[in-house]
Each structure stands twice: as C-alpha cells, then as structure tokens.
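# Descriptive structure summary
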Amino acid sequence: MSQKRIAIFGSTGSIGRQALDVIAANPQLFSAEILTAQTNDELLIKQALQFNPNMVVIGDEQRYLNVKEALAGTSIKIFAGEDALEQVAGMDSYDMMLAAIVGYAGLRPTLKAIELGKPIALANKETLVVAGDIIMRMAAEKRIPIIPVDSEHSAIFQCLVGEGRNKIEKIVLTASGGPFLGKKPNFLVNVKKDHALQHPNWRMGAKITIDSATLMNKGLEMIEAKWLFNLAYEQVQVLVHPQSIVHSMVQFEDGSIKAQMGLPDMKLPIQYALGFPQRIANDFPRYDFRKPGTLTFEEPDIKTFRNLGLAMEAMKQGGNMPCILNAANEIAVYAFLRNRIGFLDITEVVERTMGTISFIEKPTLEQYFETDGEARNFAASLLHM
Ligand code: NAD
Ligand code: MG
C-alpha cells in the first residue's frame, strides 16, 4: 500500500491528536497532508513542525501571523479564516479526509471533499445529523465511502464486512450512560460543568462530553446510524452498557448477533477508518475476558435523560427536525459550558426550539443552512431564561 495522504480537519482536537498518533506510528502507511485548527495555533504549529504537511489552516484570522512566523523556515502553505476550510478541502492533493471538526462547522468542508470525490473518515457525526440524506446521496453518486470513526458506528461497520446484501434486522447502539448514570432530575438540576466533563470511560472534547452526559450524544448517534446504514427508526435500539467493551451490535434476519469489542480507545476506530480495508498491527492494550468483571446491559432512562427522547422524536419526524435539534443543542451546550444555563435547561432549549422553527419535510441543502441559522438564533434568544 502506498502512503495515504490524510487531510485532518480538526487536527488539534481529541480525535485529531489521536489520528496524528496513528499516523506517527505508521509512517509507511500514512502522511498528514492538511492540518486545521480553529484557535489553538500553538498546537497547530507544533503539529506542523512534526508532520510537515503541505498545508495548514488556522480558523481564527488573528492568529495567522503567529503561525506564519513560526513556520517561516518551512514550505508549508498557510491559510486563515472560515472560508479557507472549504477552499483547502477543495484542493486535490490529499487521498482521504478525516472529518474531525466538532459540530455544524464540519459540514461544509466535508461536503466539499465529497464533491471532489474524496473518501471520508467521519468523526463529525453532526454532519450526518444535519444533512444525512444529502451527504449519503452525494457520496453514493461519487462512489466514495463514508467510513465511520465514531466507535459505535465503526463497530457496526466492522460487523457488516463480508455480509454483502444480508439484511439487518436491527442494530444495538451501546451507551456508557455517562457520568450521571442512575441519577434523577433532582440531582441533575444542580450539576455543574466540571462534574459533567468527567466522563467515566472516554477522554473527548468538551462538546461531545456534555452530549454524553445528557445522552444527546446517543440520540445524535441513532440519527448518524440511520443514514450510514440505511435503517428505519424501529431498527435502531439503544442499550446502556457502562463498561464500554461491546462497542455495538448488529442482529441479522436469522437472529444471529455480531458484536465488535475491545477496550475503549478511539485510536482503534480511527486507525481502522484510515487503513480500511486493511487492519494494522498495534500494541494497544487488549481486553482480557479472563479478568474478573461483568458486562451488563440495560434500557436507557429516557424519562430522566429527555434529550435522548427528543432526538428519537426528531429522527422519527425526519426532514429538517434533526438539524433544528442539533443547532439548538450546540447553542445550549456552549451556554452550559459558559455557566449561563443549568444542565436541565439544555433540554428545555432544544425542546422549545424544535417546537418553534418551521418543519420542512424534504429540505434542500440551502434550506438546511437556513434552518441551522434560524434555530441557532431562536435558541440563543432563550438563553436569558
Ligand atoms: P474537540 O473539541 O476536541 O476538537 C475539535 C476540533 O475542531 C479542534 O481541532 C478545533 O480546532 C476544531 N474546531 C472547533 N470549532 C471549529 C470551527 N468553528 N471551525 C473549524 N474548526 C473548528 O472535539 P473532538 O472530541 O475531537 O470531536 C470531534 C468530532 O468527533 C465531534 O463531531 C465528535 O462528536 C466526534 N467524535 C469524537 C469522539 C472523541 O472521542 N473525541 C468520539 C466519537 C466521535
Ligand atoms: Mg460514539
């Protein structure tokens, strides 16, 4: 296999950094062609000096000069500003995009890469939540794979290898339950961000960590799974599995169930997506069934964690409802992270936004963009509650 040139969009994040670890460990297989960061110019510079990419993008234009100065002795091309992400995504110098930007901001560069016919390793689930129908249709037209990086979807993807046209009866998405598993609203009402940011099993960026605590993350993942694997609402089930060893399961027409397992470590699904269809040897710690421990599964408490119920509702309704849900959730989560609203208010903001913004059954891409903007504005107007 010749060296695959990877464009990492969001290289300074949790997924981006781990992807660079994978690349550093496999220099014969991968190189970093493009690196992008929004604000963390110091880390972007460090990464650029280590990996010598062709191009880097710093989103925050005020940090452009700093990056330029630091990389002055190199041949690395430097871009800045929001539009630069799409511009660079549209360049033909890479073989695969790792979409590892967080939130709606990841949508446009990913669309650009698909337009160009580049395979996508997709960490940014919000892209599929917002415009999954359009993304999957475009990818099919261009005959490019969207290979999931999200651990649950990577698990399902791995279970489906070799299954050809065999029909899926249902999938089971496992959820760790987050730091507040078993808690009730009277506890959650007073929860502060420092506590919500303590995930029991995974070290991730702040937004997805809060989404995991509210179970919105699992709701977004149900919608992500719907699009990736072409499933109906009834075919996607969620089970809480606090040990995070079974990363998800597929049940086929004959009742047979396949699961993908391992210790929780995002480097594994990242490496699988970058190297697919090849598995790559590594020395990551292994799960050992001989060690004492029990694997447990239980139904999620959607009465307490209402975000999951709202996401299921949005998934059932379809159209632009998941886009509304996602936009409101982004606004609410960042408000919670700035201590502006309480933990349970996140649900309130999402629910009220879903009840207000006009429903569109079959939106165009332009209408998704508009919906996102309207939903954000409305959600922001609720923050003074
Ligand atoms: P993070 O917050 O650690 O990193 C986000 C990256 O995106 C950073 O490089 C940042 O510079 C960039 N970014 C942020 N806002 C941006 C903007 N407006 N424009 C351009 N770039 C921007 O996030 P993360 O935890 O690495 O998650 C990235 C994506 O992967 C998310 O969609 C998340 O849901 C998904 N994901 C993450 C994990 C994980 O373990 N971290 C697991 C599964 C899925
Ligand atoms: Mg996940």
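## Considerations on the side chain of T36
- Checked against the element boundaries, T36 lands in strand β2 (residues 30–37).
- At 2.9 Å, the side chain of T36 and the backbone nitrogen of G10 are in polar contact.
- The contact partners of T36, leaving out residues within four places of it in the chain, are I8, F9, G10, S11, T12, L44, V57, L85 and I101.

## Quick look at unusual backbone geometry
- The step from F276 to P277 runs through a cis peptide bond, and the omega angle for that step is 10°.
- Checked against the element boundaries, P277 lands in the loop between α12 (267–275) and α13 (306–317).
- The phi dihedral of N230 falls on the positive side, at around 55°, and the residue is not glycine.
- One can find N230 in the loop between α11 (216–229) and β9 (236–240).
- In this structure N230 comes out as exposed when scored by relative accessible area, which is 70%.

## Comments concerning the packing of helix α7 (residues 151–160) against α11
- Running from amino to carboxyl end, α7 crosses α11 at an angle of 30°, the nearest separation of the two axes being 10 Å. In terms of orientation, α7 lies roughly parallel with respect to α11. The chirality of how α7 crosses α11 is right-handed. For the pair α7 and α11, contact is made by E152, H153, I156, F157 and L160 and by K218, E221, E224, A225, L228 and F229, respectively.
- The residue inventory of the contact of α7 with α11, partitioned by class, reads six nonpolar, one polar and four charged.

## Structural notes on the pattern of salt bridges
- Scanning the model with the defined rule gives 17 salt bridges in all.
- Of the charged contacts, one joins E126 and K207 as a salt bridge, the two residues approaching to 2.9 Å between their closest N and O atoms. Here E126, found in helix α6 (residues 125–142), pairs with K207, found in helix α10 (residues 206–214); they are 81 residues apart in sequence, far enough to count as distant. K207 matches E126 in its accessibility class, with the two residues each being buried.
- Between K258 and E163 there is a salt bridge, and its shortest N-O distance comes to 2.8 Å. Here E163 lies in the loop between α7 and β8 (168–175) and K258 lies in strand β11 (residues 257–261), a separation of 95 residues in the sequence.

## Section: the pairing of β11
- Alignment of strand β10 (residues 246–252) against β11, held across five bridges, turns out to be antiparallel. Each bridged residue has a counterpart across the sheet, and for V246 the counterpart in β11 is M261.
- Hairpin connection from β10 to β11: four residues lie between these consecutive antiparallel strands, with G255 at a positive phi of about 90°.

What counts, and at which threshold
- Residues numbered from 1 in each chain as written.
- Chains lettered and ligands numbered in written order.
- Predicted model: local features only at pLDDT ≥ 70, side-chain atom pairs only at ≥ 80, totals over all residues.
- Heavy atoms only, no water.
- Helix = DSSP H or I, 4+ residues; strand = E, 2+ residues; numbered from the N terminus.
- Polar contact = N/O pair within 3.5 Å; in protein donor to acceptor, adjacent residues only side chain to side chain.
- Contact = heavy atoms within 4.5 Å.
- Buried < 20%, exposed > 50% of the residue type's maximum accessible area, 1.4 Å probe, protein only.
- Axes fitted to C-alpha atoms, helices over the stretch in contact; angles between N-to-C directions.
- Parallel < 35°, antiparallel > 145°, perpendicular 65-115°, else oblique.
- Left-handed = near helix turned anticlockwise from the far one by under 90°.
- Nonpolar A, V, L, I, M, F, W, Y, C, P; charged D, E, K, R; others polar.
- Salt bridge = Lys/Arg side-chain N within 4 Å of Asp/Glu carboxyl O.
- Pairing = 2+ DSSP bridges.

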